[in-house]
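# Architecture and fold: a report
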Amino acid sequence: MNSWKEQLSSQIPQDWGKEIDIFETQIELRKRGKLDEKIFAETRLRRGVYGQRYDNGQRHDGEQTQKLAYPSGLLKGPETVWDAPGMLRIKIPFGGVTPDQLDVLAEVAEEYSNGILHVTTRQDFQYHYIHIEDTPDIMRRLAAAGITTREACGNSVRNLTACPKAGVCSGEEFDVTPYARALTDFLLGHPDCQDFGRKVKIAFSGCQGEACGLVMMHDIGALAVKKTRRGKDVHGFALYVGGGLGTVPYQAKLFDAFLPPEELLPISQAIARVFGRLGEKKNRAQARLKFLVVKLGIEEFRRLVWEERQILPDDPHWTSYLDHLPAYGETPLKPPSPLSAEKTLPEGFAEWQRSNVKAQKQTGYAIATVALPLGDLSSDQTRKLADVARRYIGDNIRTTVEQNFVFRWVSEEDLPDLYEDLLEIGLGDSGANTIVDVTACPGTDTCKLGISASRGLAEELRNRLAAKSFEMDEAVRSLRIKVSGCFNSCGQHHVADIGFFGNSRTLNGYKVPHFQVILGGQWAENAGSFGMTIGAIPSRRIPEVVDRITDHFVLVRNQGENFCDFVARIGKKELRSLIENLMKNAPSFEDNPDFYHDWGDPREFTMLDRGIGECAGEVISASQFDLADAEREVFDAQLELEKENYAEADALAYQSMVGASRALVKQQYFDVPEPPDIVVEEFTQRFLDTELFYDKYAKGKFARYLLQRHQQGPVNADADSVHQLIDQAQLFIDAAHACYARCAVE
Amino acid sequence: MEYFMELQRLSVKLVAESTTVKPLELVPVFHAWIRNQKLKDHLMIDVADYNHVPEGPGTLLVTYEGNYSLAQEDGKIALLYQRKRLLAGTLTERLNTALKAVLTASELLEQEDEFRDRLSFDRNRFWVISNDRLSLPNTEQSFEELSPALSEIATEFFGHDNFILSRQGGEKERLSVLVESSVLN
Ligand code: HEM
Ligand code: SF4
């Protein structure tokens, strides 16, 4: 077999396979100029295919901006060149990943990317330097392993995150995993989630006090709550809405203190519908759910959502997963065991155990963190890590928002051997969950919006802090540092003890990379509060900032005082005074050219490489997507005609017309059912009888093609009839586009 | 056409023994290559530093056509050319183009002022890696299928019959063939 499509057809879930085929056709349509670049951009984003730095066809080489003469000249989005390598984001719901999946991820990374697998700040994986034309095959190979990229980017429901310790954490109320799975499956591709002005991020947490789930900074956050009724435990969720990071971070608001599990899916659906309907669509800086919640007020928002909930048609998916809950559980690979005191421990083990290992609630088992520098590991390491997992824990691996892996269900006796095996593959670093374990967004390395080198800085800090971690005060050791390359906060700097985001200032006539310093964000309490902005410091002086702040903390902290409280007590003025002189007295370029370069980048610093971001994608309505789908169907009809499959071609052409009319009806009646009879009737009433569909010259002529074919019922299609129908369908779809545009203007 | 004949994504690797050059030193060098348009037949895009990843790609020169990387590998330095976009010609011609790409890069690196006398690649052996598990998976059959084309380029490179081909790489790794001069061994 010479295509992955054939080779894997029996292993890919049917609907996923079909979606990938459709995406492949959309790529083809775009190449032929038959799909608008903006619609294509949002289409690919919703399949996880993202832009990357320099895809606008230019790059500053340190002296001047060079044009990158990519071969085809075609675009895959506004100012985004087709041939430029891009990023692919892969969804890993709640971070759950198996060794077999890791094997496939490793293969794909080395064959199509650069042999690197990157863990993101939302438990996903990312590949960089991917060519768009390779993406359908990549998706097929991942899909065959049960992994999707669908809705990893774009204005959609993004990866659903959860505590990586869910199910094994001694502090949790209950294991949120099966609920997270159910909500993921329910919302993936859900029709009510296709019409957002912006992305929606959901997180689950098993408890209130820890950080793991970060519920308070999410659009929708579900916190496990347990009640006792008539002597029995009853599970529910405290549901929060309208949190989010970004330029201005918002804490989520309590929507319901105890939402029973049977309401979790329908309420999420109702929230999606209210957001789709009332959320801002034009001004993308105001389009996240957090703005709608503030605008309406939480009471009104709650009322609208419950009102929507009442009119939702019943869906068996809402509760069908509940039947499987009692059977849900993970199977440990090994029996439990204590770590025997007699065992000789390898060098470095004690340190690793102290930072990277936590006891599980199940006696005899431990959770071990595999720390990844900058969230990266190579394909070779990934395969070897998968084998290590097979040896000790089986399928029980999760990624974390701190860009690491956790191994769950490690039988305690195995810990020293596990440590040595990890060391052997270069993954035995200690310092996980400490100040050494710096988190960073992609920044200027690959992000189009990056201002400063977040990864370069993170690497520098990690190396410096690791070198002195042994002599560090325990209170400092347990701090968190998070770095974003710009104000968008993908690195989650707002919720770190010490956070940085990139910006720039002009000093001595040169642009100089800077980082804004944010102190005292709360990681605990599910990201319970955000940090305080102190001031912008030249990038090269940031290590000095870390030293001064941490030294001062050790010096003046009250007994037992944590960093957040310390920051609040000391206040901005004093904190700023600690670092104020680092903002001044820039050396001259001649004396210290390094000062004018960013970390890890020998080019003179510039802002000229920033492009337009795709974080929000394009706001494309559900109707526009449906019209694009109709285009694709008529294109497929043509292909079938060429293969002399007349019946298929006829059906596709007919379907494309019904689809296009449904797209128009959707503008007025979002939930229009799918049966063609209903669609055609609604279309007739709403667009023909009202003459909304009419244009100046053709009047309602093209709509008659639809009505005729619809009334005909089943036909014996032949080459001529199909040919004619395809031409008619194309004319009808063009007219539908024109009608949509007229209505949108009005 | 046989599937293996379609192999497009392939890599060629050379190693340098006992060098003091560290892959990190390549970061400014590759940036300068881009500035000076050093590789005429490649659209050079960017430089990426993955030296924090053991067994990773080290320092990467990203081009439209493929990636060049210099990384630490088993105590040596390996220069890899990973072709990503389509190559013209027959399988032999494609292999030749990839081999030429890595040879050209190796010579340019040896000529860099800061590497002179410090870096010399071993041209008695090179590795060809099938970066495509579909066309050419890591099997004995694939090895046999690839061998005639490899023999052709090896003959040209080392002279008639003066070479050995051996299959390398573990079960889950890609098919990798060591092409080695037999004269020195
Ligand atoms: C205006 C544009 C953007 C905004 C406002 C934005 C904002 C954010 C925020 C707030 C988060 C996550 C924090 C959280 O809620 O957990 C995030 C995640 C992320 N962002 Fe961005 N971002 C933008 C563009 C980009 C771009 C261009 C990149 C380039 C690669 C990028 C890379 C990431 C990554 C890797 C994550 C983790 C994502 C995941 O796994 O889902 N972002 N972004
Ligand atoms: S924070 Fe800024 S630089 Fe970092 S990934 Fe997000 S948009 Fe890019």
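Residues numbered from 1 in each chain as written. Chains lettered and ligands numbered in written order. Predicted model: local features only at pLDDT ≥ 70, side-chain atom pairs only at ≥ 80, totals over all residues. Heavy atoms only, no water.

## A look at the overall build of chain A
Secondary structure assignment for chain A yields 23 helices and 24 strands. Taking 2.2 N^0.38 as the reference for a compact globule, 746 residues should give roughly 27 Å; the C-alpha atoms of chain A span a radius of gyration of 27 Å, in line with that estimate. In terms of overall dimensions, chain A has a C-alpha envelope of 85 × 70 × 55 Å along the principal axes. The 746 residues of chain A split such that 62% are buried. Of the roughly 28700 Å² of accessible surface on chain A, 49% is carried by carbon and sulfur atoms. Taking the 86 positively charged and 109 negatively charged side chains of chain A as two groups, their mean positions are separated by 5 Å. (Helix = DSSP H or I, 4+ residues; strand = E, 2+ residues; numbered from the N terminus. Rg over C-alpha atoms; globule rule 2.2 N^0.38 Å. Buried < 20%, exposed > 50% of the residue type's maximum accessible area, 1.4 Å probe, protein only. Areas by Shrake-Rupley, 256 points an atom, 1.4 Å probe, with all protein chains shown as cover. Lys, Arg positive; Asp, Glu negative; His and termini not counted. Charge placed at Lys NZ, Arg CZ, Asp CG, Glu CD.)

## Concerning the domain arrangement of chain A
All names here are of chain A. Domain parsing of chain A yields domain 1 (4-144), domain 2 (161-322), domain 3 (349-424), domain 4 (439-586) and domain 5 (622-745). If you average the C-alpha positions of domain 1 and of domain 2, the two centres end up 29 Å apart. Contacts between the two partners involve seven residues from domain 1, matched on the other side by twelve residues from domain 2. Between domain 1 and domain 2 the total buried area reaches about 860 Å² when both faces are included, carbon and sulfur atoms providing 55% of it. Considering only the surface of domain 1 that becomes buried against domain 2, Arg46, Phe94 and Arg122 emerge as the three largest contributors, covering 67% of it. For the pair domain 1 and domain 2, the number of links is zero salt bridges. (Domains from an automatic or database assignment. Contact = heavy atoms within 4.5 Å. Buried area = accessible area lost by both parts, 1.4 Å probe. Salt bridge = Lys/Arg side-chain N within 4 Å of Asp/Glu carboxyl O.)

## Thoughts on the site of ligand 2
Near ligand 2 you find Cys441, Pro442, Gly443, Cys447, Leu449, Gly450, Ser484, Gly485, Cys486, Asn488, Ser489 and Cys490 of chain A, and these make up its full shell. Its residues placed into classes, the shell around ligand 2 shows six nonpolar, six polar and no charged. (Near = heavy atom within 4 Å. Nonpolar A, V, L, I, M, F, W, Y, C, P; charged D, E, K, R; others polar.)

## Some words on the coordination of the iron atom of ligand 1
Protein coordination of the iron atom of ligand 1 rests on one atom only, Cys490 of chain A (SG), at 2.2 Å. Among the secondary structure elements, cysteine 490 of chain A is positioned in the loop between β21 (481-484) and β22 (498-507). (Donors = N, O, S within 2.8 Å, 3.2 Å for Na, K, Ca; no water.)

## A word on the interface of chain B and chain A
Facing the 36 residues of chain B at the interface are 50 residues of chain A. At the junction of chain B with chain A, the criterion picks out eleven salt bridges. As a salt-bridge pair, lysine 172 of chain B and aspartate 387 of chain A come within 3.9 Å of each other at their nearest N and O atoms. For the side of chain B that touches chain A, the secondary structure elements donating two or more residues are α1 (26-35), β2 (44-50) and β3 (58-63) of chain B. Ranked by residue count, the leading element in the side of chain B that touches chain A is β2 of chain B, at six residues. The residue makeup of the side of chain B that touches chain A, split by class, is 17 nonpolar, seven polar and twelve charged.

## Side note on the packing of aromatic side chains
Tallied over the full model, the rule gives 34 aromatic pairs over all chains. Between tyrosine 179 of chain A and phenylalanine 237 of chain A, the aromatic rings sit 5.1 Å apart at their centres with planes inclined by 75°, giving edge-to-face as the arrangement. Residue tyrosine 179 of chain A is located in helix α6 (residues 177-187), and its partner phenylalanine 237 of chain A is located in strand β13 (residues 232-241); the two are separated by 58 residues in the primary sequence. For the pair tyrosine 179 of chain A and phenylalanine 237 of chain A, one class covers both residues: buried. For the ring pair phenylalanine 126 of chain B and phenylalanine 158 of chain B, a centre distance of 6.1 Å and an interplane angle of 20° mean the geometry is stacked. Taken as a pair, phenylalanine 126 of chain B in strand β6 (residues 121-130) and phenylalanine 158 of chain B in helix α3 (residues 140-158) lie far apart in primary sequence, 32 residues in all. Residue phenylalanine 126 of chain B shares its accessibility class with phenylalanine 158 of chain B, and that shared class is buried. (Phe/Tyr/Trp six-rings, centres within 6.5 Å; stacked < 30°, edge-to-face > 60°.)

## Side note on the packing of helix α19 (residues 622-642) of chain A against helix α20 (residues 646-668) of chain A
Residue and element names in this part refer to chain A. Relative to each other, α19 and α20 sit at 170°, their axes nearing to 8 Å. Compared by their axis directions, α19 and α20 come out roughly antiparallel. Among the residues making up the contact of α19 with α20, the classes are represented as twelve nonpolar, five polar and seven charged. (Axes fitted to C-alpha atoms, helices over the stretch in contact; angles between N-to-C directions. Parallel < 35°, antiparallel > 145°, perpendicular 65-115°, else oblique.)

## Re the sheet that holds strand β15 (residues 357-359) of chain A
Residues and elements named next belong to chain A. Spatial ordering of the open sheet is given by β7-β18-β19-β16-β15, a layout of five strands whose pairing is antiparallel. With partners counted over all chains shown, the strands left at the sheet margins are β7 (96-97) and β15, one partner each. In this sheet, strand β19 (residues 405-411) lies alongside strand β18 (residues 397-399) in antiparallel orientation, the contact comprising three bridges. By the bridge assignment, isoleucine 397 is partnered in β19 with phenylalanine 407. This element, helix α11 (residues 349-356), spans β15 and β16 (365-370) of the sheet and lies at about 60° to β15. Taken strand by strand, helix α13 (residues 415-424) contacts β15, β16 and β19, and its axis lies near 145° from that of β19. (Pairing = 2+ DSSP bridges.)

## Concerning the site of ligand 1
All names here are of chain A. If you check the shell around ligand 1, you find 22 residues, and the closest are Thr120, Asp124, Lys201, Cys490 and Cys615. Note that an oxygen atom of ligand 1 is positioned 2.4 Å from one of the side-chain N or O atoms of threonine 120. In this structure, lysine 199 approaches ligand 1 through a side-chain N or O atom, which is 3.5 Å from a nitrogen atom. Of the residues in the shell around ligand 1, the class split is nine nonpolar, seven polar and six charged. (Polar contact = N/O pair within 3.5 Å; in protein donor to acceptor, adjacent residues only side chain to side chain.)

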